[in-house]
Amino acid sequence: MLDFLNPIKGFGVTFRQMFRKVDTVQYPEEKKPTAPRYHGRHQLNRWPDGLEKCIGCELCAWACPADAIYVEGADNTEQERYSPGERYGRVYQINYLRCILCGLCVEACPTRALTMTNDYELADDSREALIWTKEQLVAPLQPGMEAPPHPMRLGETERDYYLLGSSGIAGASQPSDQDQAGRADE
Ligand code: SF4
Ligand code: SF4
């Protein structure tokens, strides 16, 4: 019935669209903010005195369905301490050629060392550059933090460090816990 009107209806749709707001984003000049819980690249967080939260336990690597994480743990010593516990992550790599940004590694991490930021600009033209190292993934030092290795500044025992120091009751400095920045998994 009245089939000859169909082309006119079709052109009508096109004509209407010409006056609507454009949704195209002029990336990379213009960047649209992601959703707050967007799963972007990972971050290895620090305690408020700058020591690393990663204990080199490899649970994230075991949880990863894409086999994208490689971890080698090592023992802390009193002369060379990188984290408040017995062990730290000496080698930490994430292969972004494999990673599907699912977040299962974050769920597996027992110390909240590993979280995800909103950063999505991960493209590169070399395979080597897409294997991110610990130095690239570890969170930057915030004011009041000290680059490891150094002794536990928030308490001498683990109980004091975790319960009192990390909640700001003891310890020399109390900068903001930077792992909140850009965190997408809470
Ligand atoms: S986000 Fe998923 S795929 Fe990527 S490293 Fe973590 S567990 Fe593996
Ligand atoms: S990031 Fe978390 S789960 Fe992975 S090795 Fe470090 S402490 Fe263990």
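We now turn to the structure provided with this report. (Residues numbered from 1 in each chain as written. Chains lettered and ligands numbered in written order. Predicted model: local features only at pLDDT ≥ 70, side-chain atom pairs only at ≥ 80, totals over all residues.)

1. A closer look at the nonpolar core
One recurring pattern in soluble globular proteins is that nonpolar side chains are buried together. Membership of the largest hydrophobic core comes to 25 residues, with the highest contact counts inside it found for Leu-44, Cys-54, Ile-69, Cys-105 and Leu-114. Those elements giving two or more residues to this core turn out to be β2 (69-75), β3 (87-95), α3 (104-108) and β4 (114-116). Broken down by element, this core gets its largest block of residues, three residues, from β3. Residues in contact with Leu-114, not counting those within four places in the same chain, are His-42, Leu-44, Cys-60, Cys-105, Val-106 and Cys-109. (Core = buried A, V, L, I, M, F, W, Y, C linked by C-beta atoms within 7 Å. Buried ≥ 20, exposed ≤ 12 C-beta atoms within 10 Å, placed from the backbone. Helix = DSSP H or I, 4+ residues; strand = E, 2+ residues; numbered from the N terminus. Contact = placed C-beta atoms within 7 Å.)

2. Considerations on the site of ligand 2
Around ligand 2 sit 14 residues in total, of which Cys-54, Cys-57, Cys-60, Cys-109 and Leu-114 are the nearest. For the shell around ligand 2, a count of residues per class yields 10 nonpolar, three polar and one charged. (Near = placed C-beta within 6 Å. Nonpolar A, V, L, I, M, F, W, Y, C, P; charged D, E, K, R; others polar.)

3. Quick notes on the sheet that holds strand β5 (residues 131-133)
Ordered in space as β2-β3-β5, the three strands form an open sheet in which the pairing is antiparallel. Looking at strand neighbours, the two that pair on one side only are β2 and β5, the edges of this open sheet. The sheet shows a mean angle of 20 degrees between the axes of neighbouring strands, taken without regard to direction. When β2 meets β3, the two strands line up antiparallel, connected through seven bridges. (Pairing = 2+ DSSP bridges. Axes fitted to C-alpha atoms, helices over the stretch in contact; angles between N-to-C directions.)

4. Some thoughts on unusual backbone geometry
A negative phi angle characterises most non-glycine residues, just as the trans form characterises most peptide bonds. Omega for the peptide link from Tyr-27 to Pro-28 comes to 10 degrees, which places this bond in the cis form. Within the secondary structure, Pro-28 is located in the loop between α1 (6-17) and β1 (42-44). A cis amide bond links Pro-148 to the next residue, Pro-149, at an omega of 10 degrees. Here Glu-58, not a glycine, exhibits a phi torsion of approximately 75 degrees, which is positive. Position of Glu-58 relative to the elements: it lies in the loop between β1 and α2 (59-63). Non-glycine residue Asp-67 carries a positive phi angle of around 55 degrees. Relative to the assigned elements, Asp-67 resides in the loop between α2 and β2.

Structural measurements only, silent on function.
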